[in-house]
Amino acid sequence: MKQEKFYITTAIDYVNAYPHLGHLYEKVCADIIARWNRLVGRDVYFLTGTDENAAKNERAAKEAGLEVKEFIDRNAKRFQELCKAFNISNDDFIRTTEERHRKVSQLIFTKMFENGDIYKSSYSGLYCYGCEEYKTEKDLADGKCPEHGTEPEHIEEECYFFRLSKYEKPVLELIERNQFIIPEKRKQEIVARIKAEGLKDLAVSRSRISWGVNVPFDPKHKIYVWVDALVNYVSALGYPDGEKYRKYWPADVHLIGKGINWFHSVIWPAILLSCGIPLPKHVLVHGYITIGGEKLSKSRGTSVDPFKLLEKYEVDAVRYFLARDIPFFEDGDFTEKALVERVNGELVGNIGNFIHRTLTLIWNLYGGQVPEPRNYEKDEECLKLVESIRRLPRVMREKLENYEIDRALKEVADFAIQCNRFLQAKEPWRTRDPDALFICVNSVRTLAIVLQPYLPSSSEKIWKLLNLEGLPEDYGWNSAGELAVKPGHRIGRPEIVFRKI
RNA sequence: AGCGGGGUGGGCUAGCCAGGUCUAUGCCGCAGGGCUCAUAACCCUGAGAUCGGUCGUUCAAAUCGACCCCCCGCUACCA
């Protein structure tokens, strides 16, 4: 049987600043989805990267006193380090300044042109010479550029347009087909907007800037950054004839923040249609993180440096918080207080403590050897927990297939509570009841597997403490529902997995 | 302004689509108790909400409808 493939991408990040918590959030979510899909046996390809061709980089570099390339390299490196530091399992990291990308970007542009979807016309708008970009009404304060305090000039220039209007019908059909955009409310936003405003042709080249990818047949023009950026999803696979492209395209999931939905759900499909490239299956839109109730904003200082967090907290503590506390489809708030409470109360106090008390009980009562159960099949409480072990991967799977990653993790926390209650009720330290501990140690194994996508390194640690062969991921998701730790098995010396912060 | 989402005990939250089993779920916090295998952990009990407001549909509404008040999101280059 052919293994099912699964290609997931994140948005690529602007490199005009260092990564913040929002960037991390998206990567962690993508990582969880990717790891989970691997665990259920799919052949996963996970891509992330950086968007480096924006003209804005030039300005940001100047402010930092660096050459553009130097500036971009420095920041891009930081994003790559972010992935490493937080255990993100991306298979590739594309930078849009790489040759492999630029040539595909140009190829796509050429294809659109050859298909008659690109034409030359003139674009007029309010241009700020300071920013070197066009401004819309709402960008301005009192008719002036908020940054330079000057009034932008009304100018007109030649540029290339993409016949986006031509694709209004097919794009609308695509979106209205169920589940292209997840969740539903993001779909409604887009559908409403297309129906209300229709699709207008889009200016896809800029001539007043010096940083960017040249329009191949007219190098005075640069390719509009968004067109260039979107192409990363195929360029990274080696479009048009790369092996990975043939294997993994179309994407199963483009994971993005809600602010760039339009580009992914409307413009990107239109570009692909123009080039005759198959369309992605889903655009998955997550919410934003707020900091203490405020929007992330570099200028207002409401930004959290993920690397700073690592100085105080462990990777898995942060991952746990992000996955559990931020409702995936909504905005969620970050505060250190909430992080500490969630981790101490739930991850450490509930999940971690259950693991630890189970392991130490086996160690102290049975010398580290899993006891032979007597007749748990006849005990109602035991059967209930066994049933929960079987159920947990099932219910989590339902949630995860719908990308409810926060809710799926809540199931884990609830399961741990149930385990603690069970232990409390059974009091094996007093009754010496081997059945209870036999089931508990299996619950620990279940936890190790179901936590693997969320907390990969802790999961491995639990696995080692159980002294089991290989790694949790070798056994697959469904194995989480089994009682696979056998009587007589020797566990390792108990150690604390999750420490209070 | 238009379109969309939401307002549930001190905080967060489930339930709402398919009305009754909701005398409303869970977590945090708070008060009391238990236990002591465990990372002052875990377990139990309790206080605390007429489910934003008004009106309506119905035998029955947190759940459906209308109107009103408040919050938030989207409206072409911000994860």
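Each remark here, short or long, concerns the structure printed above.
Residue numbers run consecutively from 1 along every chain, following the written order of its sequence. Chains and ligands are labelled by the order in which they are written, letters from A for the one and numbers from 1 for the other. Owing to the predicted nature of the model, reporting of local features is limited to residues with pLDDT of at least 70; listing and counting of side-chain atom pairs is limited to 80 or more, with chain, interface and lining totals taken over all residues. Excluding hydrogens and water, the side-chain values take into account all heavy atoms of the structure.

Draft legend 1. Structural view of the overall build of chain A. The helix and strand labels rest on DSSP assignments: H or I over at least four residues marks a helix, E over at least two residues marks a strand, and numbering proceeds from the N terminus. Summing up its helical and strand segments, chain A has 18 helices and 16 strands in all. Only the C-alpha atoms count toward the radius of gyration. The rule for a globule is 2.2 Å times the residue count to the power 0.38. On C-alpha atoms alone, chain A measures out to a radius of gyration of 26 Å, which is about the 23 Å that the 2.2 N^0.38 rule sets for 501 residues. Overall size of chain A, expressed as C-alpha extent along the three principal axes, is 85 × 50 × 40 Å. A burial count over chain A gives 56% of its 501 residues as buried. In this analysis, two residues are considered to be in contact whenever any of their non-hydrogen atoms come within 4.5 Å of each other. Considering only residue pairs separated by 6 or more positions, chain A has 77% of its internal contacts joining residues 24 or more positions apart. In the structure as shown, chain A presents an accessible area of about 21800 Å², 46% of it carried by carbon and sulfur atoms. To sort residues, take the accessible area from a 1.4 Å probe on protein chains only and compare it with the maximum for the residue type: under 20% means buried, over 50% means exposed, and anything in between is partly exposed. Only the protein chains shown count as cover for residues, and the accessible areas themselves come from Shrake-Rupley with a 1.4 Å probe.

Draft legend 2. Looking closely at the protein's contact with RNA strand B. For this description, a residue counts as near a given molecule or strand if any of its non-hydrogen atoms is within 4 Å of it. Taken together, 52 residues sit near RNA strand B, with Glu26, Arg206, Trp226, Ile260 and Asn353 positioned nearest. Sugar plus phosphate, as a fraction of atoms of RNA strand B within 4 Å of the protein: 65%. Lysine 56 is positioned such that a nitrogen or oxygen atom in its side chain is 3.1 Å from a phosphate oxygen of RNA strand B. Mapped by element, the contributors of at least two residues to the surface near RNA strand B are strand S2 (13-14), helix H1 (21-39), helix H6 (184-197), helix H7 (225-230), helix H10 (261-275), helix H13 (336-366) and helix H15 (405-426). It is H13 that provides the largest number of residues to the surface near RNA strand B, a total of 11 residues. Gly falls in the polar group here, along with every residue not listed as nonpolar (Ala, Val, Leu, Ile, Met, Phe, Trp, Tyr, Cys, Pro) or charged (Asp, Glu, Lys, Arg). By residue class, the composition of the surface near RNA strand B is 19 nonpolar, 15 polar and 18 charged. Two N or O atoms form a polar contact when they lie within 3.5 Å of each other; inside protein one atom must be a possible hydrogen donor and the other a possible acceptor, and for residues adjacent in sequence the pair counts only when both atoms belong to side chains.

Draft legend 3. Layout of the pairing of strand S4 (residues 92-95). Of the two faces of S4, the one lined by Asp92 and Ile94 and the one lined by Phe93 and Arg95 are each fully buried. Of the pairings in the sheet, the one linking strand S3 (residues 43-51) to S4 comprises 4 bridges and is parallel in character. Within S4, the residue paired with glycine 49 across the bridge is isoleucine 94. Strand pairing is assigned whenever DSSP detects at least two bridges linking the two strands.

Draft legend 4. View of helix H17 (residues 434-451). One less than the number of residues in a helix, times 1.5 Å, gives the span that helix is expected to have. A rise of 1.5 Å per residue sets the reference length of H17, with its 18 residues, at 26 Å; its end C-alpha atoms lie 26 Å apart and thus fit the reference within 8%. Buried residues dominate H17, accounting for 18 of its 18 residues. Capping the start of H17, aspartate 433 holds a side-chain oxygen 2.9 Å from the backbone nitrogen of aspartate 435, two or three residues further along.

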